[in-house]
Structures are given as structure tokens and as C-alpha cells.
Amino acid sequence: MATQTFSAVGPKIRTKLPGPKAQAVLQGDAQYISPSYTRSYPLVAKRGRGVIVEDVDGNEFLDFSAGIAVVSTGHCHPKVVAAIQKQAAELIHMSGTDFYYESMITLAERLSKVAPMSGPIRAYYGNSGTEAVEAAMKLARYHTKRQGIIAFYGAFHGRTMGALSLTASKTQQRRRFFPVVPGVASAAGSAMTTAGAPLAPVTTEPSSATQLAISTAAVTASGAMRSRIRPDASLART
Ligand SMILES: Cc1ncc(COP(=O)(O)O)c(C=O)c1O
């Protein structure tokens, strides 16, 4: 742990940005890493503690977005680090689709107590946000036996094919990937049924990294929608 090297308050910029070590990493990235990764700016992060992130050249930045909103405890919280180290030393592989683990139930029990919905709550664990959205789509179809799903323009839900079918934030994210999953309609603003009752959008997903797939967020797109909801193929042209 090198906590003492971090400023009490940041940021602390020591080099021109990006610094010399960062530039070397960027060159390596251009040579060896798939161009499908999208970056907004050339931060080459090395380590973090609390709200501070330090790059490879020793520049320190204040992280106002908590990772990408997934380190709500701050970077490298000692209790989180200790829990990860303990688990890695005890059992580094798990497969919830093949075996049972006590910790899966312990966490699910805790989540069920804080989940902002009426119970009973059962948890599904995913590796990523996009995988949680995939699960929500499958659960919604399985549970309701309906096929249609409404998503909203401007929303980002992930990049795997199912989640991408809902994503409508940047044209670039979908260009050249059609056809996406059928049955998804894209809408501006909130959707209403012809009867005027609001629909619960499947895109109302929890933002936490440990996202609960929400089977209750099923929506029908079976002809009961107003004209401002367009089939997703329309996004191909935008
Ligand atoms: C609202 C929302 N949903 C889904 C995702 C996809 O998550 P992941 O990158 O873990 O697949 C993100 C990622 O930024 C997100 O912000």
C-alpha cells in the first residue's frame, strides 16, 4: 500500500498530459488492442485510493465518477481489497451454473433485504452490466411469455447483441451490427399504452455493478403502443 504518496487533496499534475509513460502505453494500445474499445481521453490509470486516481507518470486526478459509478466505496477500499484477496486465496474459480457456494446465498440474502422492490427477491449474478441486461430481457420474455420490449432513445444499456438492441445513445455503437434482436421498439420519452397506462420499461435497470436482473420489468410491445414508438430498425438510418 502506498497511501502516503497520495495527496491529501488533488489533483496534482506533474507532467504535460499525456506524460511520457502514458504516451508509450497509448502507442502499445494502438498496436495491440482492439480498436473496438472506446476512450474519451488518454488517461492511463495505474492505481487509486479513495477519490484519487494516479496515472503511470505520477499525476493525480480527482475521480468524480467513482470508476464508472462502480466503486461507490472509493478506489481500493481496504475492506473491499481484503475481501477480494481472501476469496482469491481460498477459491479462485466459481461457476454458479454448475455448483453451489455459501457466499452466493449470503450476498443474495443481504441484497434481498435492501432491494427497492417488494419481495420475495431472488438474485441472479452477472459478470457485467450488459450481461445483467441480457438476463433481464430473457427473464422478461420467459416470465410474461410476451416478446416485445420498449427502450428509450438516449439510453445506454451495453454492447452485447441483446443489450445493444436496447442501446440508443450513439449511432456509432450500433452501426454495422444490424440486424439486432427483434421485438425491440425505441421510444422518445416515456411510453404509454393506448389505454393511457404507463408501461414499465425493461430499461429501468439498477445502475449498481451487482445488478439484479429484474423480471418484473417486462413490457409488451404487442400493438398497444402509440406512434412515437418506432421499430428499432429506424435507428439504422440515424
Ligand atoms: C446504464 C448502464 N447499463 C449497462 C451498462 C453496461 O455495463 P458493462 O460495461 O458492465 O457491460 C453500462 C455501462 O456503462 C451502463 O452505464
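Heads up: the structure comes first, above all this text.
Residues numbered from 1 in each chain as written. Predicted model: local features only at pLDDT ≥ 70, side-chain atom pairs only at ≥ 80, totals over all residues.

A.B. asks: Quick question: what am I supposed to make of the overall build of the protein here?
C.D. replies: Each helix and strand counted, the protein has seven helices and six strands in total. In the protein, the succession of helices and strands from N to C terminus is α-β-β-β-α-α-α-α-β-α-α-β-β. Taking all 238 residues of the protein together, the buried fraction comes to 21%. Contacts spanning at least 24 positions in sequence make up 62% of the contacts within the protein whose residues lie at least 6 apart. (Helix = DSSP H or I, 4+ residues; strand = E, 2+ residues; numbered from the N terminus. Buried ≥ 20, exposed ≤ 12 C-beta atoms within 10 Å, placed from the backbone. Contact = placed C-beta atoms within 7 Å.)

A.B. asks: How do you make sense of the site of the ligand when you look at a structure like this?
C.D. replies: Taken together, the neighbourhood of the ligand is formed by 10 residues, with Ser128, Gly129, Thr130, His157 and Gly158 sitting nearest. For the shell around the ligand, the element with the most residues is helix 5 (residues 129-144), which contributes three residues. Residue composition of the shell around the ligand, by class: three nonpolar, six polar and one charged. (Near = placed C-beta within 6 Å. Nonpolar A, V, L, I, M, F, W, Y, C, P; charged D, E, K, R; others polar.)

A.B. asks: What am I meant to see in the sheet that holds strand 2 (residues 52-55) here?
C.D. replies: Pairing between the strands of a sheet comes from backbone hydrogen bonds, and it takes one of two forms, parallel or antiparallel. Read from one edge of the open sheet, three strands run 1-2-3, paired in antiparallel fashion. The sheet terminates laterally at strand 1 (45-49) and strand 3 (60-62), the two strands that pair on one side only. Direction aside, neighbouring strands of the sheet carry axes that sit 30° apart on average. Pairing geometry for strand 1 and strand 2, over four bridges, is antiparallel. Its bridge partner being in strand 2, Ala45 is matched across the sheet by Asp55. (Pairing = 2+ DSSP bridges. Axes fitted to C-alpha atoms, helices over the stretch in contact; angles between N-to-C directions.)

A.B. asks: Honestly, the nonpolar core in this entry has me stumped. Any pointers?
C.D. replies: General note: in soluble globular proteins, nonpolar side chains tend to be found buried as a group. Of all hydrophobic cores here, the largest spans 15 residues; its most connected members are Val133, Ala136, Met137, Ile149, Ala151 and Leu166. Looking at this core, the elements with two or more residues in it are helix 5, strand 4 (149-152), helix 6 (161-166) and strand 5 (184-187). (Core = buried A, V, L, I, M, F, W, Y, C linked by C-beta atoms within 7 Å.)

A.B. asks: I would appreciate a short explanation of helix 3 (residues 78-90) in the present structure.
C.D. replies: With 13 residues, helix 3 extends 18 Å from end C-alpha to end C-alpha; this agrees with the ideal 18 Å at 1.5 Å per step. The buried fraction of helix 3 is low, at zero of 13 residues. (Expected span 1.5 Å × (residues − 1).)

A.B. asks: Looking at this structure, I do not really get unusual backbone geometry. What am I missing?
C.D. replies: The phi torsion of most residues other than glycine is negative, and most of the peptide bonds are trans. At the junction of Gly119 and Pro120, the peptide bond is cis and its omega measures out at 0° in the coordinates. Locating Pro120 in the fold gives a position in the loop between helix 4 (102-114) and helix 5. In the Ramachandran plot, Arg176 falls in the positive-phi region, its phi being about 75° despite a non-glycine side chain. Arg176 sits in the exposed class, given 6 other C-beta atoms within 10 Å.

A.B. asks: What am I meant to see in the environment of Gly158 here?
C.D. replies: With respect to the helices and strands, the residue Gly158 is situated in the loop between strand 4 and helix 6. On a C-alpha basis, the gap between Gly158 and Gln173 in space is 9.3 Å, while along the polypeptide they are 15 residues apart. Those residues within four positions of Gly158 in sequence are excluded, and the remaining contacts are Gly129, Thr130, Val133, Ala163, Leu164 and Thr167.

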